[in-house]
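The chain contents come next:
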Amino acid sequence: MNCYDRRDLGLLLLRLGTGGVLAAHGAQKLLGWFGGGGIEGTGQAMEAMGYEPGRTSAVMAGLAEAGGGTLLALGLATPAAGAAAAGAMVGAAAVHAPNGFFAQAGGYEYAASLALTAAGLAVAGPGRLSLDHALGHAVNRNWMVPAALAATAAATAVVVGARNKRVRKATEGEQEPLFD
């Protein structure tokens, strides 16, 4: 097995693992599978987290995760798929950020890992064991990588910024106890 074969196999494994996890998360939101809340339950949870309107937020996050994850696993439209999935995970990380980094304390570690892996796959490309390669990279052109990442970063900044503003406004005037 030469270096190129190993790289392609490694990218395939990363795509399948990351894409599968993301697709399952999206299916929880959209379809209620795997113990998820479906659109209604997830929409209510999204509103409680500061994402409004909740139903629209649930659909958009679910599509980004399920769609981006499925496309990543297939190695199809890899720049857009990786960027969409990374954006959804940045939104999740924003919710967990007040709890610190580590997941055991409710932190953003897991969401950040998925976001960075999805973004890394968008940049690295899917490898030769992919639909993008089989289709001549018709939806995986070099210019698509910065375009997809920039568009997703801008949209994510707007959505997360609006959410953070709502959360700050809701907790305005509350004071932490000075002494325990």
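Below you will find a few notes about this structure. These numbers were taken from a predicted model, which means no experiment stands behind them.

Focus on the layout of surface pockets
Reported here for the largest pocket is a volume of approximately 890 Å³. Those elements that provide at least two residues to the lining of the largest pocket are helix H1 (3-31), helix H2 (38-48), helix H3 (54-74), helix H4 (78-96), helix H5 (109-124) and helix H7 (144-170). Among the elements that line the lining of the largest pocket, the one with the most residues is H4, at eight residues. Considering only residue class, the lining of the largest pocket consists of 21 nonpolar, 14 polar and four charged.

Some details on the pattern of salt bridges
Charged atoms that come close allow side chains of opposite charge to pair. Counting across every chain of the model gives five salt bridges. Arg128 is the salt-bridge partner of Asp8, the closest N and O atoms lying 2.4 Å from each other. Placement of Asp8 in helix H1 and of Arg128 in the loop between H5 and helix H6 (131-134) is noted, with a sequence separation of 120 residues between them. Across the salt bridge formed by Glu65 and Lys29, the nearest N and O atoms sit 3.0 Å from each other. Of the two residues, Glu65 is situated in helix H3 and Lys29 in helix H1; the sequence distance between them amounts to 36 residues. The class for Lys29 is buried, based on a relative accessible area of 15%.

Notes on H7
Taking 1.5 Å as the rise per residue, H7 with 27 residues should run 39 Å; its terminal C-alpha atoms sit 39 Å apart, in good agreement. When we look at burial in H7, the residues that qualify are Met144, Val145, Ala148, Thr152, Thr156, Val160 and Arg163. Of the surrounding secondary structure, the elements contacted by the buried residues of H7 are H4 and H5.

Notes on the packing of H1 against H3
In contact at an axis separation of 7 Å, H1 and H3 are set at 155° when each is read in the N-to-C sense. One finds that H1 runs roughly antiparallel with respect to H3. Note that H1 runs across H3; the crossing there is left-handed. Taking contact as the criterion, the partners of Arg15, Leu16, Gly19, Leu22, Ala23, His25, Gly26, Ala27, Lys29 and Leu30 in H1 are, on H3, Ala58, Val59, Ala61, Gly62, Leu63, Glu65, Ala66, Gly69, Thr70, Leu72, Ala73 and Leu74. Partitioned by chemical class, the residues of the contact of H1 with H3 number 13 nonpolar, six polar and three charged.

Remarks on the nonpolar core
Residues Leu22, Leu72, Ala85, Met89 and Ala118 are the most contacted members of the largest nonpolar core, which totals 13 residues. For this core, the secondary structure elements donating two or more residues are H1, H3, H4 and H5. Each residue touching Ala85, except ones within four places of it in the same chain, is listed here: Leu22, Ala64, Leu72 and Ala118. Formed by seven residues, the second largest nonpolar core is a distinct cluster that contains Ala61, Ala94, Val95 and Val160.

Some thoughts on unusual backbone geometry
Omega for the bond connecting Glu52 with Pro53 falls within 30 degrees of zero, at -10°, which places this linkage in the cis form. Following the sequence through the fold, Pro53 ends up in the loop between H2 and H3. Phi at Ala77 takes a positive value of approximately 55°, unusual for a residue other than glycine. Residue classification places Ala77 among the buried positions, given a relative accessible area of 15%.

What counts, and at which threshold
Each chain has its residues counted from 1, following the order in which its sequence is written. The predicted nature of this model means local features are confined to residues of pLDDT at least 70 and side-chain atom pairs, given and counted, to a pLDDT of 80 or more, with totals for whole chains, interfaces and linings taken over all residues. With hydrogens and water stripped out, all remaining heavy atoms of the structure feed into the side-chain values. Grid points spaced at 1 Å and placed over the protein atoms alone form the basis of the search, with a cavity being a set where a 1.4 Å probe fits but cannot get out and a pocket an open set showing protein on both sides within 12 Å along at least five of seven lines. Lining residues have an atom within 4 Å of a point. Grid points are joined across faces, edges and corners, and a volume is the space filled by probe spheres set on the points. Runs of H or I in DSSP of at least four residues are treated as helices and runs of E of at least two as strands, each being numbered from the N terminus. In the scheme used here, Gly and all other residues not listed as nonpolar or charged are polar, with Ala, Val, Leu, Ile, Met, Phe, Trp, Tyr, Cys and Pro taken as nonpolar and Asp, Glu, Lys and Arg as charged. Criterion for a salt bridge: a side-chain nitrogen of Lys or Arg within 4 Å of a carboxyl oxygen of Asp or Glu. Buried, partly exposed and exposed residues are distinguished by accessible area as a fraction of the type maximum, computed with a 1.4 Å probe on protein chains only: under 20%, between the cut-offs, and over 50%, respectively. Multiply 1.5 Å by the residue count of a helix minus one, and that product is the helix's expected span. A contact between two residues is defined here by any heavy atoms of the two lying within 4.5 Å. Axis definition: a line fitted to C-alpha atoms, over the contacting stretch in the case of helices. Angles run 0 to 180 degrees between N-to-C directions. Angular relationships are summarised with four words: roughly parallel below 35 degrees, roughly antiparallel beyond 145, roughly perpendicular across 65 to 115, and oblique for the angles in between. With the far helix as reference, a near helix turned anticlockwise by less than a right angle produces a left-handed crossing, and one turned clockwise produces a right-handed crossing. In these notes, a set of buried Ala, Val, Leu, Ile, Met, Phe, Trp, Tyr and Cys residues joined through side-chain atoms within 4.5 Å is what counts as a nonpolar core.

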